[in-house]
Amino acid sequence: MGRIDLARHALGVFLMSTAPRLTALDGVHRALGATMTDFAGWDMPLRYGSERDEHNAVRTKAGLFDLSHMGEITVTGPEAVDFLNFSLVGNVGSIGVGRARYTMIVAEDGGILDDLIVYRLGEAEAPEYMVVANASNAQVVLDTLTARAEGFDAEVRDDRDAYALLAVQGPESPGILKSLTDADLDNLKYYAGLPGTVAGVPALIARTGYTGEDGFELFVSPGDAEKLWNALMEAGTPVGMVPAGLSCRDTLRLEAGMPLYGHELTAELTPFDAGLGRVVKFEKTSRADSFVGREALAAAAERAESAPPRKLVGLIAEGRRVPRAGFSVVADGKVIGEVTSGAPSPTLGKPIAMAYVDAEHAAPGTPGVGVDIRGTHEPYEVVALPFYKRQK
Amino acid sequence: MSNPQQLRYSKEHEWLSDAQEGVSTVGITEHAANALGDVVFVQLPEVGDTVTAGETCGELESTKSVSDLYSPVTGEVVEANQDVVDDPSLVNSAPFEGGWLFKVRTTEEPKDLLSADEYTEFSGS
């Protein structure tokens, strides 16, 4: 019997097992006719219409995302800095008030447990940090931080239910937000955050994102989420903003060369293996430089210098078949790497992928590299990441 | 959306036109196209290929997934839609019209294809 095999959908559009969690904006998504998907236990909007149109809107105008599945964890207490420096690979002590930092949490063996953004919210007298984890890892991060807090005068608080998270991303986003807030957005730098009021709603306004565009993430009380969404839609629709789902978020971050946990980042890789050794700070503003994973990461740093591991590269298709996570990268009939993320790129108009490949094949322009797409070796061009960088 | 009355449907979301001089047109339904999302690549059987009901004869790639294309009937392919190969978005924008996939001279047809009303009830849309 003829059939379209819909069950092979990567995100399991049709296969929902246990009852997923709903965000505060669930009713909004359903009213908009969104295609929903189970993502890390949450029922999230995959797309509202065409994911390519949503992608292009974020690149050229703006998109509005519900990211309430992200996991917020608040850390307070006199020893909050020492505790976070011990628990994370970055130097939390050097984050200024109102600034944010991209960092990671690793296991004792250096394997990545999650990548995180840490926002410093409080002054030195009353240290307060918000750690934002991926939805899929939020419980692990919470449990790990709680365990590592032993012996520190610091409190780890599960604030996952305290926040809804809306993101406005794209070149029109500053104008849209300015029409709804008195906050000083012009002086809000990339990777900074300040408390303010947006459309009458108290919000932590952060200039962060996962799309490669200028944009803002707004942490608000779940009870205010719908009011804020509606105000943003009213302000943004006239300048071309559209609701945007997780499908385009994935292609946007892929074009921007941003890693996704479970794909480019795993517990089997250290930050150095992922080409992100720069996030590891061996010298910290802290009581001591000791931190979880230090010895393993020092060894990994040395290994990365002396015997380069597989390197994360970009691949651009010469044909039209799309590489997917797990597909083999090949050269001369041999497997030389593995695709970690792949998708048709709306901006480039061609399929693209991120892949770990052997160092000798990692240089941009290396000839003879292909991807094994269901048995056929399709030619691919090796390029440096990212695929897309916005004009500032 | 509405499923055209003059077509017949498989439970696997394909449509088949009534044969004209023995040749039927095959496509996927709007319900399936919406479920797939933006289709970016279509690989179709070639003219002269023999397709067999229930066996793979091509593939459809969308942003998030790849789906095998199975033939709803057994027969010989007499035409493949080059327009949809060149512009796969036709599958999304006009699944019952310009987004048709191939034409087949049917030699054998399964007996359990659905009417439009049956398919609408089956697919819920």
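What you see is a predicted model, and the numbers here were worked out from it, not measured in a lab.

**Observations concerning the domain arrangement of chain A**
Splitting chain A by domain gives domain 1 (6-68 + 163-255), domain 2 (71-154 + 270-296) and domain 3 (311-383). Computed from C-alpha coordinates alone, the two centres of domain 2 of chain A and domain 3 of chain A are separated by 34 Å.

**Quick word on the environment of Glu213 of chain A**
Tracing the backbone shows Glu213 of chain A in the loop between β12 (201-206) and β13 (215-220). C-alpha separation for the pair Glu213 of chain A and Val58 of chain A, spaced 155 residues apart in sequence, amounts to 7.6 Å.

**As for the sheet that holds strand β2 (residues 14-16) of chain B**
All names here are of chain B. With respect to topology, 6 strands assemble into an open sheet ordered β1-β2-β3-β9-β8-β5, the strand pairing being antiparallel. Of all the strands in the sheet, just β1 (8-9) and β5 (50-51) have a single pairing partner and so form its edges. Bridge count between β5 and strand β8 (residues 74-80): 2 bridges; the pairing is antiparallel. Opposite Thr50, over in β8, you have Glu76 as the bridge partner.

**Examining the nonpolar core**
Residues and elements named next belong to chain A. Grouped together as the largest cluster of nonpolar side chains are 140 residues, with contacts concentrated most on Tyr129 and Leu166. Once residues lying within four places of it in the same chain are set aside, the contact partners of Leu166 are Leu64, Phe65, Asp66, Leu218, Val220, Ala225, Leu228, Trp229 and Leu232. Among the nonpolar cores identified, the runner-up in size contains 7 residues, and Met36, Trp42, Met44 and Leu46 belong to it.

**Details of the UniProt feature "domain: Lipoyl-binding" (unreviewed entry) in chain B**
Mapped onto this numbering, the UniProt entry gives "domain: Lipoyl-binding" (unreviewed entry) at residues 23-105 of chain B. Note that residues 23-105 of chain B is 19% helix and 43% strand, and that its end C-alpha atoms are spaced 4 Å apart.

How each quantity is defined
Residues numbered from 1 in each chain as written. Chains lettered and ligands numbered in written order. Predicted model: local features only at pLDDT ≥ 70, side-chain atom pairs only at ≥ 80, totals over all residues. Domains from an automatic or database assignment. Helix = DSSP H or I, 4+ residues; strand = E, 2+ residues; numbered from the N terminus. Pairing = 2+ DSSP bridges. Core = buried A, V, L, I, M, F, W, Y, C linked by C-beta atoms within 7 Å. Buried ≥ 20, exposed ≤ 12 C-beta atoms within 10 Å, placed from the backbone. Contact = placed C-beta atoms within 7 Å. UniProt positions renumbered as here; feature names shortened; annotations may be inferred.

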